[in-house]
Amino acid sequence: MTAVGEVERMKKILIVGGGIAGLAAARVLSSKGFSTTVVEKTQEWRPVGGGIYIPGNGVAALDAIGLGEKARLKGSVIDHRHIMSGKGKHLMRLDLEKVWGRPAPCLGILRRDLHEILFDGLESVDVRLGTSITSFSQDEQGVDVTLNSGDVERYDLLIGADGLNSSVRELAMGKTPIRRVGDLCCRFVIERPKNLNEWTLYAGKKSQFLMIPMTSSLAYVYVGGQSKEGDSLTEENFLDPFYDFPDPVSSICKSVDKNDLIWSSLDELAPLDTWGNRRVVLMGDAAHAMPPFMAQGASLALEDALIFGDVLSGQTDWSSAAETFTERRKSRVSWAIERNRRREKLTKIPYWVSSIGLKLVGEKTWIEDYSVLAKPLEMENE
Ligand SMILES: Cc1cc2nc3c(=O)[nH]c(=O)nc-3n(C[C@H](O)[C@H](O)[C@H](O)COP(=O)(O)OP(=O)(O)OC[C@H]3O[C@@H](n4cnc5c(N)ncnc54)[C@H](O)[C@@H]3O)c2cc1C
């Protein structure tokens, strides 16, 4: 006879989307012994965006998943944020230990390296590239999922980790409004400038140039803003405001190959009451996408995976998994959304106000903005 624990472990979970949220969920759930399948619509892995900054709560989540050391080896530990004006004048330097309550708390890492770390060792997971879902229907006991091949498969649970424009979300709850937050932004990877050891921002009057170390030889650049006249920048004139910035910014902009620039819009998903329904659960950007003012996307996705694993460990009846999961995560994620919106507003205040504000209360407000996220995750069923 099969023991109850084993029957539980034979439950089948389908994860749609092989990004940070999907792979983190696959790791956590497969490590608990659940039969886990990941379907990813792209034909090959193509993590988009160059590099990524992972604040302290994301690094703590990587530690809890068992990947923190690997990530530190592949990436660059970040312990300070340094903000300068567009003329290179010092405005603020924040010791991140004060924010996160422990040394060396944050990380810069190439997206492809993070993806590799999350994917490495997932042998027990059935991963299918070039696969997506076209529809599903759920009943009291499970979910029937139709794949793009036309095959119908039955699962105990369906996870939508398929990003901002999630198909699972749309199939489960219809269209959700997405707010276009700002103009274009652009990202690229550069040779790591000598002496770049911190999260380093040059904040001009209307445009910002952020550099973050990623590996011993590479760094990541995030550029956003408007022209000197306050107009939206286009792909043609995007780097123009930075030619007057001090080096290394100016020379980076003059030498960068325009084909290497990655263009993105900044978007926020309207907050959902419940992340999915019943046996259909949304995670990561599919549930709570927001623009990267607090750089919380990856961290919240990693935390989602951990908490969802905890929810399933403590519950044999999965028929209200989405509701229980939302209840466990809502207040922490809502805090991040609300503080992220405050950060968005700060990008719109006049430059002279923000530069004085940074000097006077910059440290205090950063510490406050991350204060809830600096608290450890509460696990109930370890
Ligand atoms: C400009 C910019 C800068 C950012 N910087 C940071 C940062 O520094 N730090 C940070 O933490 N976050 C940052 N973010 C946010 C971060 O990138 C996201 O929050 C994170 O990638 C979300 O991961 P995810 O797995 O939920 O979604 P995604 O990364 O979107 O992954 C979804 C996956 O699902 C797949 N998929 C989609 N639809 C289907 C389907 N129908 N079937 C199968 N597969 C499907 C996709 O191909 C993809 O692989 C930034 C975002 C932007 C736009």
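In this report, the structure presented in the accompanying data block is examined. (Residues numbered from 1 in each chain as written. Predicted model: local features only at pLDDT ≥ 70, side-chain atom pairs only at ≥ 80, totals over all residues. Heavy atoms only, no water.)

Notes on the overall build of the protein chain
Here is step 1 of the chain: Helix and strand counts for the protein chain come out as twelve helices and 19 strands.
Here is step 2 of the chain: Its C-alpha atoms give the protein chain principal-axis dimensions of about 70 × 40 × 35 Å.
Here is step 3 of the chain: Looking at the protein chain as a whole, 52% of its 382 residues qualify as buried.
Here is step 4 of the chain: Counting contacts in the protein chain only where the partners sit at least 6 residues apart, residues at least 24 apart contribute 71% of the total.
Here is step 5 of the chain: For the protein chain, the computed accessible surface area is about 17200 Å², with 51% contributed by carbon and sulfur atoms.
Here is step 6 of the chain: Put simply, the protein chain has 47 plus and 52 minus side-chain charges, and the middle of one group is 6 Å from the middle of the other. (Helix = DSSP H or I, 4+ residues; strand = E, 2+ residues; numbered from the N terminus. Buried < 20%, exposed > 50% of the residue type's maximum accessible area, 1.4 Å probe, protein only. Contact = heavy atoms within 4.5 Å. Areas by Shrake-Rupley, 256 points an atom, 1.4 Å probe, with all protein chains shown as cover. Lys, Arg positive; Asp, Glu negative; His and termini not counted. Charge placed at Lys NZ, Arg CZ, Asp CG, Glu CD.)

Some words on the packing of aromatic side chains
Here is step 1 of the chain: Inspection of every chain in the model, using the stated rule, returns ten aromatic pairs.
Here is step 2 of the chain: Ring geometry for Phe 34 against Trp 318: centres 5.2 Å apart, planes inclined by 80°, an arrangement best described as edge-to-face. Taken together, the residues Phe 34 in the loop between α2 (20-31) and β2 (35-40) and Trp 318 in the loop between α10 (297-313) and α11 (321-346) connect sequence positions 284 residues apart. Neither Phe 34 nor Trp 318 differs from the other in exposure class; each is buried.
Here is step 3 of the chain: Between Phe 238 and Trp 263, the ring centres sit 4.8 Å apart and the planes meet at 90°, which makes this aromatic pair edge-to-face. Of the two residues, Phe 238 is situated in the loop between β16 (218-225) and α8 (249-255) and Trp 263 in strand β17 (residues 262-269); the sequence distance between them amounts to 25 residues.
Here is step 4 of the chain: Residue Phe 238 is classed as buried on the basis of its relative accessible area, which comes to 1%.
Here is step 5 of the chain: Following the ring pairs from residue to residue traces out a cluster consisting of Trp 100, Trp 366 and Tyr 370.
Here is step 6 of the chain: Lys 12 extends its terminal NZ or CZ atom over the ring of Tyr 155, reaching a point 5.0 Å from the ring centre.
Here is step 7 of the chain: The ring of Trp 366 carries the charged tip of Arg 343 above its face, separated from the ring centre by 3.5 Å. (Phe/Tyr/Trp six-rings, centres within 6.5 Å; stacked < 30°, edge-to-face > 60°. Lys NZ or Arg CZ within 6 Å of the ring centre and 35° of its normal.)

Considerations on the sheet that holds strand β3 (residues 51-54)
Here is step 1 of the chain: The three strands are arranged β3-β7-β4 in an open sheet whose pairing can be described as antiparallel. Both outer strands of the open sheet, β3 and β4 (76-78), are each paired with one neighbouring strand and no more. Between one strand and the next, the sheet's axes are offset by a mean angle of 25°, whatever the strand orientation. (Pairing = 2+ DSSP bridges. Axes fitted to C-alpha atoms, helices over the stretch in contact; angles between N-to-C directions.)

Remarks on the nonpolar core
Here is step 1 of the chain: Of all hydrophobic cores here, the largest spans 98 residues; its most connected members are Ile 133, Leu 158 and Phe 308.
Here is step 2 of the chain: Here this core spans two domains, since at least three of its residues come from each of domain 1 (4-179 + 267-369) and domain 2 (184-261).
Here is step 3 of the chain: In this structure, Phe 308 is in contact with Leu 29, Leu 157, Ile 159, Val 281, Met 283, Ala 321 and Phe 325, ignoring residues within four places of it in sequence. (Core = buried A, V, L, I, M, F, W, Y, C linked by side-chain atoms within 4.5 Å. Domains from an automatic or database assignment.)

Some points on the environment of Met 290
Here is step 1 of the chain: Mapping Met 290 onto the fold places it in the loop between α9 (285-288) and α10.
Here is step 2 of the chain: For the pair Met 290 and Ala 336, spaced 46 residues apart in sequence, the C-alpha separation works out to 9.1 Å.
Here is step 3 of the chain: Each residue touching Met 290, except ones within four places of it in the same chain, is listed here: Asp 267, Glu 268, Leu 300, Ala 336, Ile 337 and Asn 340.

Some remarks on empty space enclosed by the protein
Here is step 1 of the chain: Considering all chains together, one arrives at one cavity of 30 Å³ or more under this definition.
Here is step 2 of the chain: Put simply, the largest cavity is a space of about 60 Å³.
Here is step 3 of the chain: Lining the largest cavity, in full, are Leu 269, Ala 270, Pro 271, Leu 272, Trp 275, Ala 287, His 288, Lys 330, Val 333, Ser 334 and Ile 337.
Here is step 4 of the chain: Looking at the lining of the largest cavity, the element that brings in the most residues is α11, giving four residues.
Here is step 5 of the chain: Along the lines of polarity and charge, the residues of the lining of the largest cavity split into eight nonpolar, two polar and one charged. (1 Å grid on protein atoms, 1.4 Å probe; cavity = no way out; pocket = protein on both sides within 12 Å on 5 of 7 lines; lining within 4 Å. Points joined across faces, edges and corners; volume = space filled by probe spheres on them. Nonpolar A, V, L, I, M, F, W, Y, C, P; charged D, E, K, R; others polar.)

Considerations on the layout of surface pockets
Rolling a probe over the atoms, with the probe sized like a water molecule, indicates the empty space that remains.
Here is step 1 of the chain: Of the pockets and cavities examined, the second largest pocket occupies roughly 390 Å³.
Here is step 2 of the chain: Taken together, 20 residues make up the lining of the second largest pocket; nearest its centre are Gly 86, Lys 87, Gly 204, Lys 205 and Tyr 351.
Here is step 3 of the chain: Among the elements that make up the lining of the second largest pocket, the one with the highest residue count is helix α12 (residues 351-369) (four residues).
Here is step 4 of the chain: Per-class residue counts for the lining of the second largest pocket are six nonpolar, seven polar and seven charged.
Here is step 5 of the chain: Residues lining the lining of the second largest pocket come from more than one domain, with at least three contributed by each of domain 1 (4-179 + 267-369) and domain 2 (184-261).

Side note on the site of the ligand
Here is step 1 of the chain: Surveying the vicinity of the ligand reveals 30 residues, the closest of which are Glu 40, Tyr 53, Arg 111, Asp 285 and Ala 298.
Here is step 2 of the chain: Asp 285 is positioned with one of its side-chain polar atoms (N or O) 2.7 Å from an oxygen atom of the ligand.
Here is step 3 of the chain: Here the ligand loses 85% of its free accessible area of 1000 Å² to cover by the protein chains.
Here is step 4 of the chain: Mapped by element, the contributors of at least two residues to the shell around the ligand are α2, β2, β3, β13 (178-191) and α10.
Here is step 5 of the chain: Here the residues of the shell around the ligand are counted per class, giving twelve nonpolar, twelve polar and six charged. (Near = heavy atom within 4 Å. Polar contact = N/O pair within 3.5 Å; in protein donor to acceptor, adjacent residues only side chain to side chain.)

Digging into helix α3 (residues 56-65)
Here is step 1 of the chain: Counting buried positions along α3 yields seven of ten residues, so the element is predominantly enclosed.
Here is step 2 of the chain: For α3, every residue scored as buried is listed here: Gly 56, Asn 57, Gly 58, Val 59, Ala 61, Leu 62 and Ile 65.

A few points about the environment of Asn 277
Here is step 1 of the chain: Within the secondary structure, Asn 277 sits in strand β18 (residues 276-277).
Here is step 2 of the chain: Assessed through its relative accessible area of 23%, Asn 277 is described here as partly exposed.
Here is step 3 of the chain: With 44 residues separating them in the primary sequence, Asn 277 and Ala 321 have C-alpha atoms 7.8 Å apart.
Here is step 4 of the chain: Setting aside residues up to four positions removed in sequence, Asn 277 forms contacts with Gln 138, Ala 172, Ala 322 and Glu 323.
Here is step 5 of the chain: Within the structure, Asn 277 has its side chain in polar contact with the side chain of Gln 138 (distance 2.6 Å).

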